[in-house]
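Coordinate analysis (summary)
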Amino acid sequence: MSEQESSLVQHDENHIMAERREKLKALREAGVAFPNDFKREHLAGDLHVAYNDKAKDELEPLNVHVAVAGRMMLKRVMGKASFATIQDMSGQIQLYINDQGVGPEVHSAFKHWDMGDIVAAKGILFKTNKGELSVNVTELRLLTKSLRPLPDKFHGMTDQEQKYRQRYVDLITSDDSRNTFIKRSKIVQTVREVMVGEGYLEVETPMMHPIPGGATAKPFVTHHNALDMPLYLRVAPELYLKRLVVGGLERVFEINRNFRNEGMSTRHNPEFTMIEFYEAYSDYQRMMDLTENIIRRCAIAATGHTVVSYNGKEVDLGKRFDRFTIVGAIKHYNPQYTDEQLFDAEWVASEIKRLGGKLPPAPGLGSLQLALFEECAEGLLWNPTFIIDYPVEVSPLARGSDTQPGITERFELFIVGREHANGYSELNDPEDQAARFLSQVEQKDAGDDEAMHYDADYIRAMEYGLPPTGGCGIGIDRLVMLLTDAPSIRDVILFPHMRHEHHG
């Protein structure tokens, strides 16, 4: 939109708002602004389900009385009779208004109501000659005067940024957007049902931590005045959930927000939703199977199918997910590399640089291989793929492998080239854990601000005995993106974080 067009729209909007404020003033003077004594008894969607298949002459003798309410989305005034379409949470229904039904005074007042007004109607259901289910209105009320005009119904909200800033308008005007968030709710509900069905207990652990832990990420810092101490918004609930497993709650899960003080992108919002779950006497293999089951069940709940389309390309969530080691995935997608090269730390480091990647802060061949994987293979994992056997230096909370030194029993799940889950057999040796925390503290002191703090109470909990345990975290927002074909994480978060708005 040009500067000139933009200022015309602004002028137009100001003019419309001034007119609507005048109408509101008249309502106030008449003593009827913003009433709250109407009882809605029916939803549009339910009425369509119940009566759509009745013919015009079948419906009339039934004499179905209804009381509906919603936002006026369409309005047609045709002399003797008027039509309006109202929208509620379930859908839309048409109102038929004339002097005979509501009286000349109300009908004439209706002619000055505006699109976006919230109206209520009582009346009798009928079918128009065109076969549209409608309400022959006998009582019509204006409940809320809308002061701001809705965007043009043919264009909706075209400005993507405005959709995120003013989600309320986006939800009024876009079926797609409403459906995305209805699906999101179904997905979360399905995750819950799977976990409860597996005998897990849903718990809530703190959002404000005295020490940030459970993930390598930069935290948000706040301050508790009464205790005069810093607190950190949680980067992950992991260490608290494992304390609960020590306490004998052997299967626990939590669906809630994590906060990471890092860059924003189409895949990152500073607060995001995760499910984390922990199960005693299980391991990373069981966690992979459970993760696969959760994602498949969510796909069916949200789309009805296990094959979904993302960005114009199919993703098959129905067949068993692929499994590769980090080196196996690099070789699968880059057959030109030899084992000799991939196990030569200097060569791997030079190859990462050649590809334009950054060298990892953690020293060691394993973390170099992981960094190379991120450059040359991660983005190619379209169908669901578990990458297993992560190096110990980047997995400070995962159990080491019994057969391969320097490797942990850990996986990450990639779908459409993005990480969707991370899980492992939990490290349950308190002395090993203390040593790993110390090496993280060394990395922190050497300048890695994502390295972990030493958590003495968590070590104390482990010293009571953590049973062998498997755990996993799945990113809910990314799963919703996948299952609603959303290009950006902002499309699946109701109120995503935005830069400051410039009020011109």
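Residues numbered from 1 in each chain as written. Predicted model: local features only at pLDDT ≥ 70, side-chain atom pairs only at ≥ 80, totals over all residues. Heavy atoms only, no water.

A closer look at the overall build of the protein
Which entries qualify depends on this criterion: The helix count covers DSSP runs of H or I at least four residues long, the strand count covers runs of E at least two residues long, and both are numbered beginning at the N terminus. Only protein chains enter the area calculation, which uses a 1.4 Å probe; residues under 20% of their type maximum are buried, those over 50% are exposed, and those in between are partly exposed. Note on areas: these come from Shrake-Rupley sampling with a 1.4 Å probe, and a residue is covered only by the protein chains present in the view.
For the protein, the count of helices and strands is 17 helices and 18 strands. When its C-alpha atoms are laid out on the principal axes, the protein stretches across 85 × 55 × 50 Å. Buried positions account for 45% of the 504 residues belonging to the protein. Working note: accessible area of the protein is about 25700 Å², and carbon and sulfur atoms make up 51% of it.

Here we look at the sheet that holds strand β4 (residues 118-127)
To summarise the sheet geometry, strands pair through backbone hydrogen bonds and adopt either a parallel or an antiparallel arrangement. To keep things clear, this is the line we draw: Between any two strands, pairing holds if DSSP finds at least two bridges. An axis is simply a line fitted to the C-alpha atoms; with a helix, the fit covers only the stretch in contact. Between two such axes, the angle follows the N-to-C directions and lies from 0 to 180 degrees. Contacts between residues were defined by any pair of non-hydrogen atoms, one from each residue, lying within 4.5 Å.
Spatially, five strands are ordered β1-β2-β3-β5-β4 in a closed barrel, and the strand pairing comes out mixed. Direction aside, the axes of adjacent strands within the sheet are offset by 55° on average. Pairing of β4 with strand β5 (residues 133-144) involves 10 bridges; the strand directions are antiparallel. The residue bridging I118 from the neighbouring strand is T144, located in β5. In the packing of helix α2 (residues 44-51) onto the sheet, the strands contacted are β1 (65-78), β2 (81-88), β3 (91-98), β4 and β5, and the crossing angle to β3 comes to about 85°.

A word on the side chain of N258
The test is simple: In the analysis that follows, any N or O atom pair within 3.5 Å is treated as a polar contact, provided that within protein one partner can donate a hydrogen and the other can accept it, and provided that, for residues neighboring in sequence, both atoms belong to side chains.
By the element assignment, N258 lies in strand β10 (residues 251-259). For N258, the side chain forms a polar contact with the side chain of R234, separated by 3.2 Å. Residue contacts for N258: discarding those within four places in its chain leaves R234, V235, A236, P237, P270, E271, F272 and M274.

Side note on the UniProt feature "domain: Aminoacyl-transfer RNA synthetases class-II family profile" (unreviewed entry) in the protein
The line we're drawing: UniProt positions are given in the numbering used here, feature names are shortened, and annotations may be inferred rather than shown by experiment.
This chain's UniProt record puts "domain: Aminoacyl-transfer RNA synthetases class-II family profile" (unreviewed entry) on residues 184-496. For residues 184-496, the helix share is 35%, the strand share is 22%, and the end-to-end C-alpha distance is 15 Å.

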